[in-house]
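Chain by chain, the residues run as shown.
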Amino acid sequence: MKAESMSHPDKFLLAGVMGWPVMHSRSPMLHNFWFAEHKLAGTYVPLAIRPEGLATALRSLQPLGFAGCNLTIPHKQTAMKIVDTVDEVAKRIGAISCVTVRADGSLAGTNNDCYGYIHSIKQEQPAWRADAGPVVVIGAGGGSRAVCYGLAQEGAKVAIAARGEANVNATVSRIKDAGGTAIGVLGDGTSEDDVKRVIASTVGEFGNLDILYVNVGGGSGRAGDTNSIATMPDDFWRTTTHN
């Protein structure tokens, strides 16, 4: 990016994405494209932050001149305890995906994952209806919580499948507290048999099926990186997508 072609040359905009690992993230490529497209002087960088260094890293945003950052695995839930304020949607979800540095240096946490995900579904599948049948979500971390919340707000019944029982139960509780319908299933989609078992549990509970497979692994070596989904018959899946 050439500085002379940018607008706001007196203010260099600095932002990034914090995660561990983070170098797989496509966020820098996407954000830097739009920086250039809108002729903004600035850059968006990957910030590889270990969990034990998250608080220090977030508190360093303001003195380093960052406008804010996005969060990815495994920071979306822990960061809620570090920032100064959290908006109501993020509180209901139980995770934040974005941190903004305010003029006074305080940190504001928000979550735009649910909004972004639902709108991406509607863009790619305009005929999709949340009430057409239950949705299976693989994963119960911070990203999954936002996706489940967004689906539930649309009126979908959600089956949440993950390895960790505590995370599954916490996500189910949050969906129910927000007025949604959800069940938990132990399983992470890392084999065809596991996927079929999750589906069978969903059908057994809800009586029908309209599957949406959500990859919330983010390239971290978790369930989202498996190729087992590719072995499933096409008619098992209404939509296959990533977060």
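The structure under discussion appears in the preceding block.
1. Description of the overall build of the chain
Thought 1: Along the backbone of the chain there are seven helices and 11 strands.
Thought 2: Here the chain, with 243 residues, has 46% of them falling under the buried criterion.
Thought 3: A sequence separation of at least 24 residues applies to 65% of the contacts in the chain between residues at least 6 apart.

2. Regarding the pattern of salt bridges
Thought 1: Taken as a whole and assessed by the stated rule, the structure comprises five salt bridges.
Thought 2: The residue D84 makes a salt bridge to R59 at a minimum N-O spacing of 3.1 Å. Of this pair, D84 sits in the loop between β3 (68-71) and β4 (85-86) while R59 is found in helix α2 (residues 54-59), placing the two residues 25 residues apart along the sequence.
Thought 3: Residue classification places D84 among the partly exposed positions, given a relative accessible area of 42%.
Thought 4: The exposure class assigned to R59 is partly exposed, which follows from its relative accessible area of 39%.
Thought 5: Where K122 meets E154, a salt bridge forms, and the shortest distance between an N and an O atom there is 3.1 Å. Of this pair, K122 sits in helix α4 (residues 113-124) while E154 sits in helix α5 (residues 142-154), and the two are 32 residues apart along the sequence.
Thought 6: Taking relative accessible area as the criterion, K122 reaches 37% and is therefore assigned partly exposed.
Thought 7: Classification of E154 by relative accessible area gives partly exposed; the value is 36%.

3. Points about the sheet that holds β3
Thought 1: Taken in spatial order, the six strands make up an open sheet running β2-β1-β3-β5-β6-β4, and their pairing is mixed. Across the chains shown, the open sheet's two edge strands, defined by having one partner strand only, are β2 (42-48) and β4.
Thought 2: With four bridges connecting them, strand β1 (residues 13-19) and β3 associate as parallel partners. Residue pairing across strands places A15 opposite G68, the latter belonging to β3.
Thought 3: Sheet strands touched by helix α1 (residues 27-37): β1, β2 and β3. Its angle to β2, the strand with the most contacts, is close to 170°.

4. Some thoughts on the nonpolar core
Thought 1: Ranked by internal contacts, the top residues of the largest apolar core, which has 25 residues, are L151, V158, I160 and I175.
Thought 2: Listing elements by their share of this core, those giving two or more residues are α4, β7 (135-138), α5, β8 (157-162) and α6 (165-177).
Thought 3: What V158 contacts, discounting residues up to four positions off in sequence, is V135, V137, C148, L151, A152, T181, A182, I183 and F206.
Thought 4: Among the nonpolar cores identified, the runner-up in size contains 20 residues, and L14, M18, C69 and V83 belong to it.

5. Re the state of the cysteines
Thought 1: Tallying each qualifying case throughout the model produces zero disulfides.
Thought 2: Looking at C69, it has no disulfide partner, and the nearest cysteine sulfur is the one in C98, 7.3 Å off.
Thought 3: Owing to a relative accessible area of 4%, C69 belongs among the buried residues under this scheme.

6. Considering the pairing of strand β6 (residues 107-110)
Thought 1: In the sheet, β4 pairs with β6 via two bridges, with the strands oriented parallel. Opposite V86, over in β6, you have G109 as the bridge partner.
Thought 2: Pairing of strand β5 (residues 98-101) with β6 involves four bridges; the strand directions are antiparallel. For V99, the partnering residue across the bridge sits in β6 and is G109.
Thought 3: Hairpin connection from β5 to β6: five residues lie between these consecutive antiparallel strands, with G105 at a positive phi of about 90°.

7. Thoughts on the side chain of N111
Thought 1: In this fold, N111 is placed in the loop between β6 and α4.
Thought 2: A distance of 2.8 Å separates a polar side-chain atom of N111 from the backbone oxygen of A95.
Thought 3: In terms of polar contacts, N111 uses its side chain to reach the backbone amide nitrogen of D113, at 2.9 Å.
Thought 4: Discounting chain neighbours no more than four positions away, the residues touching N111 are D87, V89, A90, I93, A95, I96, S97 and A146.

8. Considerations on α6
Thought 1: Between its first and last C-alpha, α6 extends 18 Å over 13 residues, near the 18 Å set by a 1.5 Å rise per residue.
Thought 2: What α6 keeps buried is the set V168, T171, V172 and I175. Along the long axis of α6, the arc covered by the buried residues comes to 100°, so they all point the same way. Opposite its buried face, α6 presents the exposed residues A166 and D177, each directed more than 90 degrees away.
Thought 3: Tucked inside the fold, the buried residues of α6 contact α5, β8 and β9 (181-186).
Thought 4: Positioned one or two residues after α6, G179 has a phi angle of 90°, which is positive.

Conventions and cut-offs
- Residues numbered from 1 in each chain as written.
- Predicted model: local features only at pLDDT ≥ 70, side-chain atom pairs only at ≥ 80, totals over all residues.
- Heavy atoms only, no water.
- Helix = DSSP H or I, 4+ residues; strand = E, 2+ residues; numbered from the N terminus.
- Buried < 20%, exposed > 50% of the residue type's maximum accessible area, 1.4 Å probe, protein only.
- Contact = heavy atoms within 4.5 Å.
- Salt bridge = Lys/Arg side-chain N within 4 Å of Asp/Glu carboxyl O.
- Pairing = 2+ DSSP bridges.
- Axes fitted to C-alpha atoms, helices over the stretch in contact; angles between N-to-C directions.
- Core = buried A, V, L, I, M, F, W, Y, C linked by side-chain atoms within 4.5 Å.
- Disulfide = S-S within 2.5 Å.
- Polar contact = N/O pair within 3.5 Å; in protein donor to acceptor, adjacent residues only side chain to side chain.
- Expected span 1.5 Å × (residues − 1).
- Arc of directions from axis to C-beta.

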